[in-house]
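Next come the chains, spelled out residue by residue.
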Amino acid sequence: MSALPVAQDAIDAAAGDEAEAVVLTERSGLARFAGREVHQPTLIDNVVVTLRVVRDGKVGIAATNRVEPDGLRELARRAGQAADSSVATPGFPGLAPPADPPDVQGWDEETAALGPDEQAHRAAAAIAATTTGVYGFFTSGETELAIASTAGVRTSQSMTDATTIVVAADRGCSGYAEASSWRARSLDPAAVAREAAEKASRTNGAAAADPARYRAVLEPYAIGTLLEYFGFDSFGAQALLEERSYFSGRIGQRAFDEKVTIVDDALDPRGLPKAFDFEGMPKQRVPLVEDGVIRGVVWDRATAARASNGAHSTGHAPPASLLAHGPFPAALQMTGGDAESIEELAELVGDGIYVTRLHYLSVVDPREGVITGMTRDGTFRIRGGKVAEPLVNLRFTVSVPELLADVPGLTRDLTLVNGSDFYGERYPFGALVPALATASFNVTGSGSRPGL
Amino acid sequence: MRALCETAVEAALAAGASYADARAVVRRNQQVMTKNRRVETVTDVESEGIGVRVLVDGAWGFACDRRLTEQGAREAAARACAFARAAPSADGRALAPIAPAQAHYVTARERDPIEVPLEEKVGLCIAAEEALQLPQVNVTQASVRAQKEQKVLVTSDGSVVEHEQVECGGGIDAMAAGDGGFQIRSYPTAHNGLSAQAGWEFVEGLDLVGHAPRVTEQAVALLTADPCPSEVTDVVIDAEQMALQVHESVGHPTELDRIYGTEASYAGTSFIQPGDLGSLRYGSEHMNITSDATTERGLGTFSYDDEGVAAVREPIVREGVLAGFLTSRETAAKIGAGAGGSMRADTWNRMPLVRMTNLHLEPGEGTKDELIAGVKKGVYLETNKSWSIDDKRLNFQFGTQIAWEIRDGKLGRMLRDATYTGITPVFWGSLDGVAGPEEWVLHGVTNCGKGQPGQGAHVSHGTSPARFRGVQVGIKS
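Residues numbered from 1 in each chain as written. Chains lettered and ligands numbered in written order. Predicted model: local features only at pLDDT ≥ 70, side-chain atom pairs only at ≥ 80, totals over all residues. Heavy atoms only, no water.

1. Comments concerning the domain arrangement of chain B
Residue and element names in this part refer to chain B.
For step 1, the next point in the chain: Looking at the assigned domains, one finds that chain B contains domain 1 (2-224) and domain 2 (227-473).
For step 2, the next point in the chain: Here the C-alpha centre of domain 2 lies 21 Å away from the C-alpha centre of domain 1.
For step 3, the next point in the chain: Opposite the 57 residues of domain 1 that make contact, domain 2 presents 46 residues.
For step 4, the next point in the chain: Each partner contributes to the roughly 4100 Å² buried at the junction of domain 1 and domain 2, and carbon and sulfur atoms together form 54% of this total.
For step 5, the next point in the chain: One can count 6 salt bridges joining domain 1 with domain 2.
For step 6, the next point in the chain: With a shortest N-O distance of 2.9 Å, D157 and R329 are connected by a salt bridge.
For step 7, the next point in the chain: The tally of links from domain 1 across to domain 2 stands at 24 residue pairs in polar contact (both at pLDDT 80 or more).
For step 8, the next point in the chain: By residue class, the composition of the side of domain 1 that touches domain 2 is 26 nonpolar, 16 polar and 15 charged. (Domains from an automatic or database assignment. Contact = heavy atoms within 4.5 Å. Buried area = accessible area lost by both parts, 1.4 Å probe. Salt bridge = Lys/Arg side-chain N within 4 Å of Asp/Glu carboxyl O. Polar contact = N/O pair within 3.5 Å; in protein donor to acceptor, adjacent residues only side chain to side chain. Nonpolar A, V, L, I, M, F, W, Y, C, P; charged D, E, K, R; others polar.)

Take a look at the structure:
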């Protein structure tokens with residue numbers, strides 16, 4: 001089903017109103033495996049239409065997946081009723097004007113054509129690649145985002161995505177690897193499984209570590225997750241305006257090591273490219289941190305209007321379900337450094353901790369960027385510049401600004417780390433990041449051993 | 001919807017499935033949020049479709065279709081069977097036997113929350129926010145939600161179960177920023193307020209407006225409060241934070257699918273082994289945990305679960321010893337005990353998983369004040385702020401919005417940025433008192449995540465305040 005005609009039909013159903021329709025289609029398959037079998041295979045085919053109606057400055061939103069004429073008529077009625085029930089929003093900037101979105105890559109015919117057989121076979125390839133039990137999934141999908149409005153917006157983008165993640169695990173040992181791309185052929189599920197299994201083979205006999213501030217190497221999987229959580233509060237305009245962001249009052253200040261540069265760049269073909277946001281505004285590359293100096297945050301039109309400080313949309317309006325959160329980056333990218341390998345980073349660290357990935361993060365103090373969580377599936381001691389004996393899963397409670405204040409090095413190569421847990425409607429995103437060495441990783445406790 | 005589900009099951013059996021179930025769901029959800037006295041969102045969302053789960057040659061398959069039509073039902077069944085055939089399968093897969101069920105369940109309510117006019121919902125939020133205003137507060141917000149779901153389940157072994165369930169809830173928050181950092185206070189609970197499976201009279205009974213002045217005054221007071229010290233001390237934990245403690249450190253680790261490893265790639269596994277049933281010392285003799293899918297107003301209350309197993313009330317921990325698991329028909333058959341009863345799917349386009357229903361800490365005796373009176377030096381902790389626990393559910397750290405020092409059995413100065421941490425069985429082993437039934441409150445959790453693709457679940461926990469001895473508070477470094 002093509003999304004843009006559905007968006008146009010929704011606008012037509014709301015005749016007489018100022019209206020904007022956002023249509024997101026999904027056709028996907030996810031073959032989830034555990035041990036030696038696929039145990040949760042899920043095929044999804046859906047279309048969701050979200051209609052925003054404005055009446056006398058009052059805004060109401062309704063959504064449906066009934067896209068036939070009677071469903072869209074009912075959608076328009078409910079959106080109008082929601083608008084009538086609201087009160088006018090001071091400073092509401094109105095619906096977005098038409099804009100030319102940039103040309104981006106991000107759709108691949110072969111990936112779009114993958115069906116349940118191919119998805120299951122790729123899962124089977126991961127299972128067959130190692131004698132260690134593997135736990136994870138292969139998924140691929142095609143999505144289309146289309147927007148039409150009475151203000152003249154008519155735009156759509158088709159996207160594909162594919163991800164394999166693997167935890168290779170047995171009693172007392174586990175390792176992790178993943179790969180994501182908008183081209184499924186660039187993923188090798190068997191290679192991902194072998195990487196995870198190799199890591200797992202080195203985690204038997206893990207020991208505890210004393211709570212202390214360690215030098216550490218964080219693999220891209222860990223850095224991607226950490227930036228994502230830090231970004232929830234610190235990289236968005238609404239959090240900045242509400243003084244919840246670490247960036248509040250610090251824009252223009254040097255806060256991080258000069259090797260740290262972070263941007264949000266949905267246009268980069270190495271990521272999962274997006275041309276426009278959920279109100280049709282073109283995506284822009286937004287510098288967040290340059291050479292350690294805080295430069296800014298991402299904006300949508302609502303927060304820019306509220307700020308009244310010359311800010312403008314950077315193309316980061318969220319979907320309706322996340323409107324209360326405000327704009328946030330979904331294509332984070334950290335610039336790489338000079339290190340040719342993670343082993344080089346271990347040499348820079350000397351003695352410390354090696355972290356593969358993180359688990360169950362939670363923001364303890366958004367304004368100071370304090371986050372807690374656990375390490376998982378591959379934590380090691382670093383001794384004399386070499387990755388050494390395995391450690392149990394460690395609790396960390398870190399100030400991200402402290403962690404990024406002294407960065408001995410970063411790898412040159414970047415890895416696309418999947419950021420989506422595929423809740424709700426599919427809208428794949430991820431972070432393109434290097435491995436990183438830090439002088440400060442605050443371990444506050446020891447937890448479970450790796451593995452099952 | 002029943003006829004469509006029957007069509008889907010017949011189509012799956014004709015395509016070679018040895019077992020099939022079909023769920024048709026129509027859900028409508030309304031959310032209203034105001035922030036800083038502006039309407040942030042007024043949304044009215046509906047979603048419908050049919051999901052078909054099949055077993056073909058010992059392999060599971062699941063597919064769904066948004067169309068509630070005969071064609072949609074048949075195509076979903078065919079695709080589910082095709083996916084199952086393509087997927088590697090285990091040798092043999094047994095399901096615990098059950099008697100076919102015929103049931104029709106409707107949530108008891110006085111006012112259907114979806115039928116309450118949106119204007120009334122907006123008005124309630126604005127009134128609550130007006131009562132939150134103080135000059136030192138930089139963000140106030142109020143929200144209410146309402147949901148109605150009609151669901152039909154048909155299984156190939158003869159069950160037909162119909163549900164019409166409504167949920168609703170609401171809450172308020174005040175946030176303040178200053179030299180004391182960023183502080184938040186919430187009522188009745190953090191994270192979008194308190195929800196129940198009930199009519200709108202539940203939201204009216206929350207009295208959001210009446211509680212607003214205390215909430216906002218405490219948010220401001222936290223800015224100048226002393227930080228919680230880092231030390232090992234006695235703690236009394238309020239009923240709301242105890243709900244999350246039960247959820248994370250008892251609910252998830254007793255899910256039998258996690259114990260067998262099928263959640264290892266995402267939410268994790270468990271420190272418990274199948275053979276621990278009846279012998280694992282989980283906590284002190286004061287610890288009694290019950291799973292109860294029949295609890296009045298519980299978000300996890302139903303007549304039959306999403307594979308047709310009757311709702312039950314059963315012990316999970318009795319006097320500190322592991323007494324039960326949360327199970328599906330498949331995992332119950334593996335362990336050879338019970339018949340399941342905890343299989344729940346987020347909605348029509350997700351497979352059912354082993355989920356909590358309503359999981360309660362049984363009340364003890366006495367009051368919260370009596371628990372506090374039994375502490376010479378300690379901390380009283382209230383309202384969740386942050387939460388994290390390891391993949392086996394052993395090492396946890398929780399933060400609370402507010403705390404008070406306890407000195408000689410009485411509350412003293414207010415403390416900000418409080419956290420506490422522990423290892424699950426050690427922590428529960430230090431439990432030495434749970435307040436009585438008069439302080440027992442049902443809390444709704446609406447953001448429980450699990451599965452790939454991700455699924456949210458709504459569950460409830462009844463808890464009373466509880467006292468633990470010798471707990472690490474503050475962040476050890």
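From this point on, the discussion continues.
2. A few points about the domain arrangement of chain A
Residue and element names in this part refer to chain A.
For step 1, the next point in the chain: By domain assignment, chain A separates into domain 1 (3-201) and domain 2 (212-446).
For step 2, the next point in the chain: Of the residues lining the interface, 47 residues belong to domain 1; the matching set on domain 2 comes to 38 residues.
For step 3, the next point in the chain: Buried area between domain 1 and domain 2, summed over both chains or domains, comes out near 3400 Å², and the portion from carbon and sulfur atoms is 64%.
For step 4, the next point in the chain: Interface area lost by domain 1 to domain 2 is led by Y176, E178 and K199, which between them contribute 16%.
For step 5, the next point in the chain: Taken together, the connections running from domain 1 to domain 2 amount to 3 salt bridges.

3. Quick notes on the environment of T143 of chain A
Residues and elements named next belong to chain A.
For step 1, the next point in the chain: Along the chain, the position of T143 falls in strand β4 (residues 133-149).
For step 2, the next point in the chain: Assessed through its relative accessible area of 0%, T143 is described here as buried.
For step 3, the next point in the chain: Separated by 138 residues in sequence, T143 and M281 place their C-alpha atoms 18 Å apart.
For step 4, the next point in the chain: Beyond its immediate chain neighbours, meaning those up to four positions away, T143 contacts T25, E26, Q157, S158, M159, R426 and P428. (Helix = DSSP H or I, 4+ residues; strand = E, 2+ residues; numbered from the N terminus. Buried < 20%, exposed > 50% of the residue type's maximum accessible area, 1.4 Å probe, protein only.)

4. Quick word on unusual backbone geometry
Residues and elements named next belong to chain B.
For step 1, the next point in the chain: In this model, Y187 is joined to P188 through a cis peptide bond whose omega is -10°.
For step 2, the next point in the chain: The topology assignment puts P188 in the loop between β7 (181-187) and β8 (194-196).
For step 3, the next point in the chain: Residue P453 follows Q452 across a cis peptide bond; omega there is 5°.

5. With respect to the interface of chain A and chain B
Many analyses report the size of an interface as the accessible area lost when the parts associate.
For step 1, the next point in the chain: Each side of the interface is counted separately: chain A has 88 residues, and chain B has 82 residues.
For step 2, the next point in the chain: When chain A packs against chain B, close to 7000 Å² is buried across both sides, 51% of that on carbon and sulfur atoms.
For step 3, the next point in the chain: Applying the counting criterion to the chain A and chain B interface returns 9 salt bridges.
For step 4, the next point in the chain: Across the salt bridge formed by K35 of chain B and E242 of chain A, the nearest N and O atoms sit 2.8 Å from each other.
For step 5, the next point in the chain: Broken down by element, the side of chain A that touches chain B gets its largest block of residues, 11 residues, from strand β2 (residues 37-55) of chain A.
For step 6, the next point in the chain: Of the residues that constitute the side of chain A that touches chain B, the class distribution is 39 nonpolar, 29 polar and 20 charged.
For step 7, the next point in the chain: Pairing analysis gives 2 bridges linking β2 of chain A to strand β3 (residues 59-65) of chain B, with the strands arranged parallel. Residue pairing across strands places L43 of chain A opposite A63 of chain B, the latter belonging to β3 of chain B. (Pairing = 2+ DSSP bridges.)

6. Here's the deal with the pairing of strand β17 (residues 377-389) of chain B
Residues and elements named next belong to chain B.
For step 1, the next point in the chain: With 11 of 13 residues buried, β17 is to be regarded as a mostly interior element.
For step 2, the next point in the chain: Two strands pair when backbone bridges link them, and strand β10 (residues 231-237) and β17 are joined in this way by 4 bridges, in the parallel orientation. Within the sheet, the bridge partner assigned to I237 lies in β17 and is L381.

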